[in-house]
Amino acid sequence: DPDLAAAFGDVRFVVMGGSSQRMEEFARRCARTFARIAAGEDEVFEVYQISKTERFTALRVGPVMCISHGMGFGSISICLHEVAKLLTYAGVKDKVTMIRVGTCGGIGVEPGTVVVSTGAVNGMLKEVEELEVIGRKVERKVERPAVLDKELAARLAALGPHGGSFALGDSTPVPVVLGTTLGAGGFYEEQGRLDGAICEVVEEERDAWLRSLHEAGVRNIEMEACVFAAFCHATGIKGMLANTALVNRLETDQVTTPPGELHKLASNSQRLVLRFILAESLLWSPDASVPPAVSRFKRTLQL
C-alpha cells in the first residue's frame, strides 16, 4: 500500500508492552534521546498518536513504534496480528525488530534485573504455543532460530553493564541475565500463586514447582512469551523479550519494593532496549566516549 509505505516505511523497531502508560513513557524517552543526539540539527522529535485508544495505544517517534498490547495471550495475539498486517502493507515486515518490554516475576532473579529471553515455554515446559483452530489443536513451536534468536538476545544483554553517557543521559548499568521465560496463561493459579480467589495447591507443592523451574533454566514468568515468540517465528519477524523482574518468586510472591523505587526498577528494561535501538542503528557504542557523528543520525534512521 503506497500510503502506508509512505507513513510507515521508515519504521525499524516495534516496542510492545502491556501498559499504555509505560509505552507513552518509552516513546517520550526515545524522543528526548533522539533530540539529544541530533542536537544542532533542525530536527524535532514529537510523539505521534497513530491509533485509537479504546483497546491499544500506538505511538510513533522517529523509526520506533510503541504499542500497548494489554495483558495475556488473547490480548497480545490480537495486537500482534494487527501490527504484522500494518508492517506487511507498509513493506517493512522483514526490516523490523519487534521487542516486548515489560515486567515479570523473577525465578532466582533479584528485583530490578532484566531477563532477556533465550527461549519461551508454556506451563508444561513445552516450547510451543498451543492453539485450537476450527476444532483442531495446533501447536506452534517457539524456540527456532528466527524467533528468539540467541545471538540477538546476547547482543541485547551485553549492553546492560554499560552506561549510556552522552547518548542516553544515563550512565547507570542495568543488571541483566539471560534465560528461558515461562509464558503462563494467567496471573494466579497458572503462576502458582496462593492468594487468588481459587487455590488448589499447597505451599510445599508450589515451592517445589518453582525450584524445578529454576533448575530447568527458567528465569522469569510472565503472560505473553509463548504467543509472542511463536507469532514472530510464524511471520518471520525478528523478536526479543526483555522484562524487569519485580520480585524473586523463590523468596516471596509479594512485591515489597516501595512505589517510587519500584518505578525506577521497572524502567530498567526500557533503558536496556533503548540502548539496543541506538546500538543497532549505529548511533551509540558502549565503548565510545564521544557521541557519534550527528550526520549519521538522519542517514541511519531515515528521518
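Up top is the structure these notes are about.
Please read all numbers here as calculations on a predicted model, not as lab measurements.

**Overview of the overall build of the chain**
A tally of regular secondary structure across the chain gives 10 helices and 11 strands. Here the chain holds 303 residues, and the buried ones make up 49% of them. Counting only carbon and sulfur atoms, one obtains 53% of the accessible surface of the chain, whose full area is about 14000 Å².

**Considering the packing of aromatic side chains**
Here the structure, examined in full by the defined rule, presents 1 aromatic pair. Aromatic side chains phenylalanine 187 and tyrosine 188 sit 5.0 Å apart centroid to centroid with 85° between the ring planes, which places their arrangement in the edge-to-face category. Judged by its relative accessible area of 37%, phenylalanine 187 is partly exposed. On the basis of relative accessibility, which here comes to 40%, the residue tyrosine 188 falls in the partly exposed class. Just above the ring of phenylalanine 187 sits the side chain of arginine 193; from NZ or CZ to the centre is 4.0 Å.

**Describing the pattern of salt bridges**
Under the criterion given, the structure shown has 12 salt bridges. In this structure, the salt-bridge partner of lysine 93 is aspartate 94, at a minimum N-O distance of 3.4 Å. Assessed through its relative accessible area of 63%, aspartate 94 is described here as exposed. Residue arginine 100 pairs with glutamate 222 through a salt bridge whose shortest N-O separation is 3.0 Å. Of this pair, arginine 100 sits in strand E5 (residues 97-106) while glutamate 222 sits in strand E10 (residues 218-222), and the two are 122 residues apart along the sequence. Overall, the relative accessible area of 3% leaves arginine 100 in the buried class. According to the relative accessible area criterion, glutamate 222 is buried, its value standing at 3%.

**Things to note about the pairing of strand E1 (residues 13-17)**
E1 sits mainly inside the fold: 5 of its 5 residues count as buried. Burial of the side chains of E1 extends over both faces: Phe13, Val15 and Gly17 are buried on one face and Val14 and Met16 on the other. Two strands pair when backbone bridges link them, and E1 and strand E4 (residues 64-68) are joined in this way by 5 bridges, in the parallel orientation. Residue glycine 17 lies in a different strand from E4, and its bridge partner there is serine 68. As defined by bridge partners, E1 adjoins E5 across 4 bridges and the pair is classed as parallel. In the sheet register, valine 14 faces E5, and the bridge partner there is methionine 98.

**Some thoughts on the nonpolar core**
Core analysis: the biggest nonpolar cluster contains 34 residues, and Val15, Phe26, Val61, Val64, Val273 and Phe276 have the highest contact counts within it. When near neighbours in sequence (up to four residues on either side) are disregarded, valine 273 contacts Val15, Phe26, Ile99, Val101, Leu156 and Ala242. By size, the runner-up hydrophobic cluster in this structure holds 29 residues, among which are Ala90, Val92, Ala229 and Leu241.

**Some details on the environment of histidine 81**
By the element assignment, histidine 81 lies in helix H3 (residues 72-89). Taking the relative accessible area as the measure of exposure, histidine 81 reaches 41% and is therefore partly exposed. Separated by 150 residues in sequence, histidine 81 and phenylalanine 231 have C-alpha atoms that sit 8.5 Å apart.

**Remarks on the side chain of asparagine 268**
Positionally, asparagine 268 belongs in helix H9 (residues 268-280). If sequence neighbours within four positions are ignored, asparagine 268 has contacts with Gly112, Val114, Val174, Pro175 and Thr244.

**With respect to the environment of arginine 140**
Relative to the helices and strands, arginine 140 is located in strand E8 (residues 136-141). Between the C-alpha atoms of arginine 140 and alanine 230, which are 90 residues apart in sequence, the distance is 6.0 Å.

**Quick notes on the side chain of threonine 113**
Mapped onto the elements, threonine 113 comes out in the loop between E5 and strand E6 (114-121). Within polar-contact distance, the side chain of threonine 113 engages the backbone oxygen of glutamate 110 at 2.9 Å. Those residues in contact with threonine 113, other than ones at most four positions away along the chain, are Pro175, Val176, Val177, Asn243, Thr244 and Ala245.

**Points about the pairing of strand E3 (residues 58-61)**
Covered by surrounding structure in E3 are Ala58 and Arg60 together with Leu59 and Val61, the residues of both alternating faces. Examined bridge by bridge, E3 and E4 share 4 bridges and lie antiparallel to one another. The partner of valine 61 across the bridge, within E4, is valine 64. Between the end of E3 and the start of E4, which pair antiparallel, lie 2 residues, with glycine 62 showing a positive phi angle near 55°.

**Focus on the packing of helix H2 (residues 20-37) against H9**
Running from amino to carboxyl end, H2 crosses H9 at an angle of 40°, the nearest separation of the two axes being 11 Å. The pairing of H2 with H9 is recorded here as oblique in orientation. Along this stretch, H2 crosses H9, giving a crossing that reads as right-handed. Listed contacts from H9 to Arg22, Glu25, Phe26, Arg29, Cys30, Thr33, Phe34 and Ile37 of H2 are Gln270, Arg271, Val273, Leu274, Ile277 and Leu278. Residue classes in the contact of H2 with H9 are distributed as 8 nonpolar, 2 polar and 4 charged.

About the criteria used
- Residues numbered from 1 in each chain as written.
- Predicted model: local features only at pLDDT ≥ 70, side-chain atom pairs only at ≥ 80, totals over all residues.
- Heavy atoms only, no water.
- Helix = DSSP H or I, 4+ residues; strand = E, 2+ residues; numbered from the N terminus.
- Buried < 20%, exposed > 50% of the residue type's maximum accessible area, 1.4 Å probe, protein only.
- Areas by Shrake-Rupley, 256 points an atom, 1.4 Å probe, with all protein chains shown as cover.
- Phe/Tyr/Trp six-rings, centres within 6.5 Å; stacked < 30°, edge-to-face > 60°.
- Lys NZ or Arg CZ within 6 Å of the ring centre and 35° of its normal.
- Salt bridge = Lys/Arg side-chain N within 4 Å of Asp/Glu carboxyl O.
- Pairing = 2+ DSSP bridges.
- Core = buried A, V, L, I, M, F, W, Y, C linked by side-chain atoms within 4.5 Å.
- Contact = heavy atoms within 4.5 Å.
- Polar contact = N/O pair within 3.5 Å; in protein donor to acceptor, adjacent residues only side chain to side chain.
- Axes fitted to C-alpha atoms, helices over the stretch in contact; angles between N-to-C directions.
- Parallel < 35°, antiparallel > 145°, perpendicular 65-115°, else oblique.
- Left-handed = near helix turned anticlockwise from the far one by under 90°.
- Nonpolar A, V, L, I, M, F, W, Y, C, P; charged D, E, K, R; others polar.

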